[in-house]
Amino acid sequence: MVSVIGVPALSWALSGRMDVAGYALLLGGMATAAFASDFPRSRVALGAAMFVVSDLLIFARMVPLARSAVPGLLIWPLYYFGQFMICTGVIATLRTRGEFRPVR
């Protein structure tokens, strides 16, 4: 539940924009759902957290880290590996349960 409130608040603090905070409310909800799901937290929830951090770095690049190279170096790796961990965590769990049917 902290991410539903904290992610939008931090996003607004970093960007100063309400539209960004609105998007971040959905982003925080996604992260909360990943933590609350019965999928493995070591993959799915951690992947969701990496996705959140990548977006927070995008927002931080708007003002406080505008001149820093750090966001540019971290955004895409965090996004990619976050999505990868979510996907592989869900697929592995569904395969174990016998619920995964690949599309052919």
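The present account deals with the structure reproduced in this document.

Cut-off values and rules
Numbers given to residues run from 1 along each chain, matching the order in which its sequence is written. Where totals are concerned, whole chains, interfaces and linings use all residues; where local detail is concerned, this predicted model gives features only for residues with pLDDT of at least 70, and gives and counts side-chain atom pairs only at 80 or more. Values shown for side chains rest on all heavy atoms present in the structure; no hydrogens or waters enter the calculation. By the criteria applied, helices consist of DSSP H or I runs no shorter than four residues and strands consist of E runs no shorter than two, each listed in order from the N terminus. For the exposure calls, accessible area comes from a 1.4 Å probe over protein chains only, and a residue counts as buried if that area is under 20% of its type's maximum, exposed if over 50%, partly exposed in between. Definition of a polar contact: a pair of N or O atoms within 3.5 Å, with one able to donate and the other able to accept a hydrogen when the atoms are protein atoms, and with sequence-neighbouring residues admitted only if both atoms are side-chain atoms. Only the stretch in contact is used when fitting a helix axis, every axis being a line fitted to C-alpha atoms; angles between N-to-C directions are given from 0 to 180 degrees. Roughly parallel means an angle under 35 degrees; roughly antiparallel, over 145; roughly perpendicular, 65 to 115; everything else is oblique. Here a crossing is taken to be left-handed if its near helix is turned anticlockwise relative to the far helix by less than a right angle, and right-handed if that turn runs clockwise. Two residues form a contact once any of their heavy atoms are found within 4.5 Å. Salt bridges, as used here, are contacts in which a Lys or Arg side-chain nitrogen is within 4 Å of a carboxyl oxygen on Asp or Glu. An expected span of 1.5 Å times one less than the residue number is assigned to each helix.

**What to know about the environment of Ser37**
Among the structural elements, Ser37 can be located in the loop between α2 (18-36) and α3 (41-60). Residue classification places Ser37 among the partly exposed residues on the basis of a relative accessible area of 23%. A distance of 2.9 Å separates a polar side-chain atom of Ser37 from the backbone oxygen of Ala34.

**Side note on the packing of α2 against α3**
Two elements in contact, α2 and α3, have axes whose closest approach is 8 Å; the angle formed by their N-to-C orientations is 165 degrees. With respect to α3, the axis of α2 lies roughly antiparallel. Seen along the crossing, α2 lies across α3 with a hand that is left-handed. Facing α2, whose interface residues are Val20, Tyr23, Ala24, Leu27, Met30, Ala31, Ala34 and Phe35, α3 presents Arg41, Val44, Ala45, Ala48, Phe51, Val52, Asp55 and Phe59.

**Description of the pattern of salt bridges**
Following the criterion strictly, the structure yields two salt bridges and no others. Note that Asp19 and Arg17 form a salt bridge whose closest N and O atoms lie 2.6 Å from each other. According to the relative accessible area criterion, Asp19 is partly exposed, its value standing at 48%. Between Arg97 and Asp38 there is a salt bridge, with its nearest N and O atoms 2.7 Å apart. Taken together, the positions of Arg97 in helix α4 (residues 70-97) and Asp38 in the loop between α2 and α3 put the pair 59 residues apart, joining distant regions of the chain. Residue Arg97 is classed as partly exposed on the basis of its relative accessible area, which comes to 35%.

**Some details on α4**
The first and last C-alpha atoms of α4 sit 40 Å apart over 28 residues, in line with the 40 Å expected at 1.5 Å per residue. The set of residues buried in α4 consists of Pro71, Ile75, Leu78, Gly82, Met85, Ile86, Gly89, Thr93 and Leu94. Elements in contact with the buried residues of α4: α3. Two residues or fewer past α4, Gly98 is found with a positive phi of approximately 75 degrees.

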